[in-house]
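Understanding the architecture of this molecule
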Amino acid sequence: MERHDNLRLRPPRHRVDRRAIGWWTLQSALFALPLPLVFGILWASIPPTREFFMWATLISLVPGLLYMAVMPAWRYRVHRWEATDEAVYAASGWLWQQWRVVPLSRVQTVDTLRGPLQQMFGLSGVTVTTASAAGAVKIKGIDHKLAADLVEYLAKSTQAVPGDAT
């Protein structure tokens, strides 16, 4: 079995792109605001139920605004990545934080993903897949050009590293 004595779980060096804060804020708004918006419309349009829908609007709006204010900055503080000649490192999450290191010899595929919101912010995600049951390493919120360069680098590097993923 191949040994990776020089690999250790450590904080990756690179932050995601600062534009990821805007992307995560927009994502959180799309998640947090529809329910208070519906309650607000009902509050304004059905006079007999105004008191109920006023409270429903406030009760659903306050946690949503708190989520929108805290989550993006917190995720930006946590999310990091790094690719070396030996491994790919990633840290992600906000409430549940995850640090992962994947030796290049274990990498099977490297993919990019750009959803519509990521495209609006010029961002991409990179997914590094292994045969492990632990799943893929996902690096989200990096500059689109940097993501393309990273995928190219990892594709070349994984071809050059002997291992058991092929």
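Remember, predicted model here, so these are calculated numbers, not experimental data. Along each chain, residues carry numbers from 1 onward, in the same order as the chain's sequence is written. Selection of residues for local features in this predicted model requires a pLDDT of at least 70, selection of side-chain atom pairs for listing and counting requires 80 or more, and totals for whole chains, interfaces and linings are taken over all residues. The side-chain figures draw on all heavy atoms in the structure; neither hydrogens nor water molecules are used.

1. What to know about the UniProt feature "transmembrane region" (unreviewed entry) in the chain
Put simply, the rule is: UniProt positions are given in the numbering used here, feature names are shortened, and annotations may be inferred rather than shown by experiment. Helix and strand assignments come from DSSP, with helices taken as H or I runs of at least 4 residues and strands as E runs of at least 2, each series counted from the N terminus.
Following the UniProt record, the feature "transmembrane region" (unreviewed entry) maps to residues 21–46 and 52–70 here. The span residues 21–46 is 92% helical and 0% strand by assignment, and the distance between its end C-alpha atoms comes to 37 Å. In this annotation, residues 52–70 is assigned 100% helix and 0% strand; the end-to-end C-alpha distance for the span is 28 Å.

2. Examining helix H3 (residues 50–78)
Applicable threshold: For a helix, the expected span equals 1.5 Å multiplied by the residue count minus one. Note on classification: 1.4 Å probe, protein chains only; a residue is buried when its accessible area is under 20% of the maximum for its type, exposed when over 50%, partly exposed between these limits. The contact definition used throughout considers only heavy atoms, calling two residues in contact when any of these lie within 4.5 Å.
Taking 1.5 Å of rise per residue, 29 residues should cover 42 Å, and H3 covers 42 Å from first to last C-alpha, within 8% of that figure. Taken as a whole, H3 has its buried residues at Phe53, Ala56, Thr57, Ser60, Gly64, Met68, Met71, Pro72, Arg75, Tyr76 and Val78. Residues of H3 that are buried sit in contact with strand S1 (14–15), helix H1 (19–32), helix H2 (34–45), strand S2 (80–83) and strand S3 (87–92).

3. Here we look at the sheet that holds S3
To keep things clear, this is the line we draw: DSSP calls a pair of strands paired once it identifies at least 2 bridges connecting them.
Read across the sheet, four strands follow the order S1-S2-S3-S4 without closing on themselves; strand pairing throughout is antiparallel. This sheet does not close on itself; its edge strands, each paired only once, are S1 and strand S4 (98–103). Sheet topology note: the S3/S4 ladder contains six bridges and is antiparallel. In the strand pairing of S4, Ser92 is matched with Gln98.

4. Quick notes on the nonpolar core
The tendency in soluble globular proteins is for nonpolar side chains to be buried as a group. Selection criterion: Residues belong to a common nonpolar core when they are buried Ala, Val, Leu, Ile, Met, Phe, Trp, Tyr or Cys residues joined through side-chain atoms within 4.5 Å.
Counting 23 residues, the largest nonpolar core has Val126, Ile139 and Ile142 as its most contacted members. Elements supplying a minimum of two residues to this core: H1, H3, S3, strand S5 (107–113), strand S6 (123–130), strand S7 (137–143) and helix H5 (144–160). At four residues, H5 tops the list of elements feeding residues into this core. Not counting residues up to four positions away in its chain, the partners in contact with Ile142 are Val16, Asp17, Trp81, Gly122, Leu123, Ser124, Val126, Ala147 and Leu150.

5. Details of the pairing of S2
The pairing of S1 with S2 spans two bridges and is classified as antiparallel. Following the sheet pairing, His14 is matched in S2 by Trp81. In this sheet, S3 lies alongside S2 in antiparallel orientation, the contact comprising four bridges. In the strand pairing of S3, Ala83 is matched with Val88. Between the antiparallel neighbours S2 and S3 lie three residues.

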